[in-house]
Every structure is written in C-alpha cells, then in structure tokens.
Amino acid sequence: TVQTHALALSPSDADLLVDRAVSRISLGRHAQAINDLSRALSVSRSHVEAMVYRATANRFLGRTALARRDLESALSRAPDHPGALLERGLLKRLAGDRDGARRDWLAGIENAPSSPEADAARNRLAEMDVKSD
C-alpha cells in the first residue's frame, strides 16, 4: 500500500515500480509484478534489476521463453549480475541442463560470494547434488 501511494506521487519512478513488483512477487502476484516491471522498463530500458525480476515472475507463471529473453538482455548489460546468473541457472535446471545450471550458479558465487544470490546458488547446488533425477 505504501509503495502504491508513493507511485501515485511519482508514477514514473522505475525504482519504486521495481520495489512494488518485488513485494508483489513475494505475495504470489506475478502478473501484477510483470505489469510494474514492464512499466519500469518503459521508463528505464536498461534497468537490469527490472529485467531479472520480470524473468523471475515469468518463470513462476511458466513463461520460460519470456524469462530467458529478459535474462539475455540483463546479462548482455551486466554479465556478472548474481541475480541474473541465479535465475538463468534456475531456468537451465528446469530444462534439465544440470551442467549449465551449475556453471551459472558457480559464476554467481564467484562474482559475489557474500550476496544473498550466492547463498541461494549454494543451496541450489546442494539440493541438486543430493537429489537424483
């Protein structure tokens, strides 16, 4: 609600739109998040965080082709972005590409070892190594 009120005052603030989208993703409101992220990208076409979060929301909705497209754009602008590498690894894992997922997650860990994304990548690697397909 606070983010919505803030956006009423500054409707073209890409960062506010991304913040509200993150809240919406955490509430399972993925389609609403995508709308916010698309608006953020119309204001700031190179907003890497918006691309990564829109990829996440699209993955949750099963729209993997759209998610991959956003991640390609994000990684072309920020090749070492830990969130983009984590998310691309998740997509690769869902597609059965364990080696590709492992490469992306290890790259994310190497690039930002103390980040929350690195922690998530470590957890995914541990899960993948324990579980068998």
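In this text the structure is predicted, and so the values were computed from the model without any measurement. (Residues numbered from 1 in each chain as written. Predicted model: local features only at pLDDT ≥ 70, side-chain atom pairs only at ≥ 80, totals over all residues. Heavy atoms only, no water.)

Draft legend 1. Up close: the nonpolar core. Grouped together as the largest cluster of nonpolar side chains are 25 residues, with contacts concentrated most on A40, A50, A74 and A84. Listed by contribution, the elements that provide at least two residues to this core are α2 (14-26), α3 (30-43), α4 (48-60), α5 (64-77) and α6 (82-94). Per-element accounting of this core gives the leading share, six residues, to α4. Ignoring any residue separated from it by four or fewer positions in sequence, one finds A84 in contact with V52, L71, A74 and L75. Counting nine residues, the second largest nonpolar core, distinct from the first, contains L86, A118, A121 and L125. (Core = buried A, V, L, I, M, F, W, Y, C linked by side-chain atoms within 4.5 Å. Buried < 20%, exposed > 50% of the residue type's maximum accessible area, 1.4 Å probe, protein only. Helix = DSSP H or I, 4+ residues; strand = E, 2+ residues; numbered from the N terminus. Contact = heavy atoms within 4.5 Å.)

Draft legend 2. Layout of the pattern of salt bridges. Tallied over the entire structure, the rule returns nine salt bridges. R59 is the partner of E87 in a salt bridge, and the nearest nitrogen-oxygen pair spans 2.3 Å. Residue E87 is found in helix α6, and its partner R59 is found in helix α4; the two are separated by 28 residues along the sequence. Each of R20, R24 and D36 takes part in one network of salt bridges that share partners. (Salt bridge = Lys/Arg side-chain N within 4 Å of Asp/Glu carboxyl O.)

Draft legend 3. Structural detail: the packing of aromatic side chains. Going through the model one piece at a time under the given rule, you end up with zero aromatic pairs. Its end group placed over the ring of F60, R59 keeps NZ or CZ at 4.7 Å from the ring centre. (Phe/Tyr/Trp six-rings, centres within 6.5 Å; stacked < 30°, edge-to-face > 60°. Lys NZ or Arg CZ within 6 Å of the ring centre and 35° of its normal.)

Draft legend 4. View of the environment of N58. In this fold, N58 is placed in helix α4. A relative accessible area of 3% places N58 in the buried class. A C-alpha to C-alpha distance of 9.5 Å links N58 and D70, two positions twelve residues apart in sequence. Setting aside anything within four residues of it in sequence, one finds N58 in contact with I34, R63, L66, A67 and D70.

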